[in-house]
Amino acid sequence: MRYSVIFQGTAFTSKSSKEIQVIKDHLFCINEDGMIEKIVAPEEEEYDIILNLYGGTNNFHRLERGQYILPGFVDLHVHAPQWAQAGTALDIPLYDWLNTYTFPIESKFSDMNFAKEVYNDLVSTLLANGTTTALYFATVHKESSLLLAEICAEKGQRGLVGKVVMDDVEQNPEYYRDTNTATALEETEQFILAVKELAESTKQGVYPVVTPRFIPSCTDEALEGLGKLAAKYDTHVQSHCSESDWEHQFVKTRFQKNDAFALDGFGLLREKSVMAHCNFLDESDVELFIETGTAVCHCPISNAYFANSVLPVARLHAKGVEIGLGTDISGGFSPSLYDNIKQAVISSRMLEDGVNTTLPADIRGVKGSSITVNEAFFFATAGGGESLSLPIGRIQEKYTWDIQIIDTKVPSAKLPIYDDHEELLDIFQKMLYHARPENIREVWVQGKKVHKREGRLALIESGGL
């Protein structure tokens, strides 16, 4: 019996999409690979044996009163370069926003010094917000896209990074696009190989992602070539799919079919595919997603600004579509999945009840649309892991030790808990609604501490209170 790290405390994890499991006062035994080897309950005979063996050692961690363990968050949609413009110009249409603000800022990432400054700050910020795994769009620039993967490796975040492809000369600005289709595909393959080599020395894993920005940005030749590269190297795939009225109609006009079927025709819907937004999927699109194993990334804050609709997330998940949660920086202004958990619940209730008060209540909304905060938490954790086909997002044996330690008693961000015997599930919900970065005392990825916030002691090491 040999463990790399032992934690003693109370954790919360998704038992199912709607049910939270409370793991009270257990021991969490982590092996050298950063995986949860064993979870031991207080009533088990082995509990005291492990305490006696490890209780006085440096790798034993006992949580302080008022601290709890949550799984690390899985953010399935981050435009990494857009961190430099987060919170800007969210009041204009998507097409104008892209061309007036987004493409100019992304074009600056040919400057490696600028890229290094922004990407270092972004990865650190996401870790501080409890995000242990992130699926990133980078830019068309191969070198700075690789730099993002290197920064993830260095800082300990599990990063899935895509060099963006935008090769259509008619749809992309001259100052920001791939030189040509052949170069776009060649550099994508070089990028894939470089990230795979980097992954060999990265404990928590970094992954290359085939990334057509979206169909309007790409030629048929590029989309076909990217599908072949995804199959050749068995990579993840990411793009946008049926996000807004404009994008949805653009693809229908070009291909006489919806986004989903167009992407599938190029081999871009597969078990490791994650498509962002997907607000305008119809029933046949949904069946195609289920058949191919393609996941939907729900970006509730961003959708409120740019998607012209509310994703029917409850209906899609009930049908069997894999769903995770994304910030969509910077279409979504916040780097926090806590904020997106809350917005996912809010948006679903607005869809359920409707917003047009000139209509009768019984026809104003879409019944069966609301989700609970437990479900939104599932999408931010276990659902994200399922979407990426990785053993992450759960506090469970044979899953990675990707966790955040929440301190509910931080003086500057104390949660409204006044009863020493308050129900743990109520405390769990208060954490989701009230936690701020100040409450996230430590973040661990693959059994390694990657973030610690100074202040009230986060942990009581062996010896107790």
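So, here is what we can say about the structure in this document. What you see is a predicted model; the values in this text were computed from it and never measured.

## As for the nonpolar core
Next up, step 1: The biggest cluster of nonpolar side chains holds 95 residues, and the ones touching the most others in it are Leu70, Tyr119, Tyr136, Leu148 and Phe289.
Next up, step 2: Of the residues forming this core, the biggest block, 8 residues, is contributed by helix H3 (residues 112-128).
Next up, step 3: Core analysis: the second largest hydrophobic core is formed by 15 residues, Val5, Phe28, Trp401 and Ile405 among them.

## Considerations on helix H5 (residues 181-199)
Next up, step 1: Look at H5: 27 Å from first C-alpha to last across 19 residues, which is about the 27 Å you get at 1.5 Å a residue.
Next up, step 2: Taken together, the buried positions of H5 are occupied by Thr181, Ala184, Leu185, Thr188, Phe191, Ile192, Val195 and Leu198. Along the axis of H5, the buried residues cluster in a sector spanning 145°; they form a single face. In this structure, H5 carries Ala182 and Glu197 as exposed residues pointing more than 90 degrees from its buried face.
Next up, step 3: Contacts from the buried residues of H5 go to helix H4 (142-155), strand S8 (158-162), strand S9 (164-165), strand S10 (206-212) and helix H6 (220-233).
Next up, step 4: Where H5 begins, the side chain of asparagine 180 points an oxygen toward the backbone nitrogen of alanine 182, at a separation of 3.2 Å.

## A few points about the packing of helix H12 (residues 337-353) against helix H16 (residues 424-434)
Next up, step 1: For the pair H12 and H16, interaxial distance at closest approach is 8 Å and the crossing angle is 105°. Classified by the angle their axes make, H12 and H16 are roughly perpendicular. Seen from H12, the contacting residues are Tyr338, Ile341, Lys342 and Val345; seen from H16, they are Met431, Leu432 and Tyr433.

## Here's the deal with the environment of phenylalanine 280
Next up, step 1: Secondary-structure assignment places phenylalanine 280 in the loop between strand S12 (273-277) and helix H9 (283-292).
Next up, step 2: As a C-alpha pair, phenylalanine 280 and glutamate 43 span 237 residues in sequence and 50 Å in three-dimensional space.
Next up, step 3: Filtering out sequence-adjacent residues up to four positions away, phenylalanine 280 remains in contact with Ser242, Glu243, Ser244, Asp245, His248, Asp285, Ala307, Asn308 and Ser309.

## Structural notes on a nonpolar patch on the surface
Next up, step 1: Together, Ile346, Met350 and Val355 make up an exposed nonpolar region whose accessible area comes to about 280 Å².
Next up, step 2: Tracing the backbone shows isoleucine 346 in helix H12.

About the thresholds
- Residues numbered from 1 in each chain as written.
- Predicted model: local features only at pLDDT ≥ 70, side-chain atom pairs only at ≥ 80, totals over all residues.
- Heavy atoms only, no water.
- Core = buried A, V, L, I, M, F, W, Y, C linked by side-chain atoms within 4.5 Å.
- Buried < 20%, exposed > 50% of the residue type's maximum accessible area, 1.4 Å probe, protein only.
- Helix = DSSP H or I, 4+ residues; strand = E, 2+ residues; numbered from the N terminus.
- Expected span 1.5 Å × (residues − 1).
- Arc of directions from axis to C-beta.
- Contact = heavy atoms within 4.5 Å.
- Polar contact = N/O pair within 3.5 Å; in protein donor to acceptor, adjacent residues only side chain to side chain.
- Axes fitted to C-alpha atoms, helices over the stretch in contact; angles between N-to-C directions.
- Parallel < 35°, antiparallel > 145°, perpendicular 65-115°, else oblique.
- Patch = residues over 30% accessible without salt bridge, like charges linked within 9 Å, V, L, I, M, F, W, Y side chains within 5 Å.
- Areas by Shrake-Rupley, 256 points an atom, 1.4 Å probe, with all protein chains shown as cover.
- Salt bridge = Lys/Arg side-chain N within 4 Å of Asp/Glu carboxyl O.

Bear in mind that shape data such as this cannot, by itself, settle questions of function.
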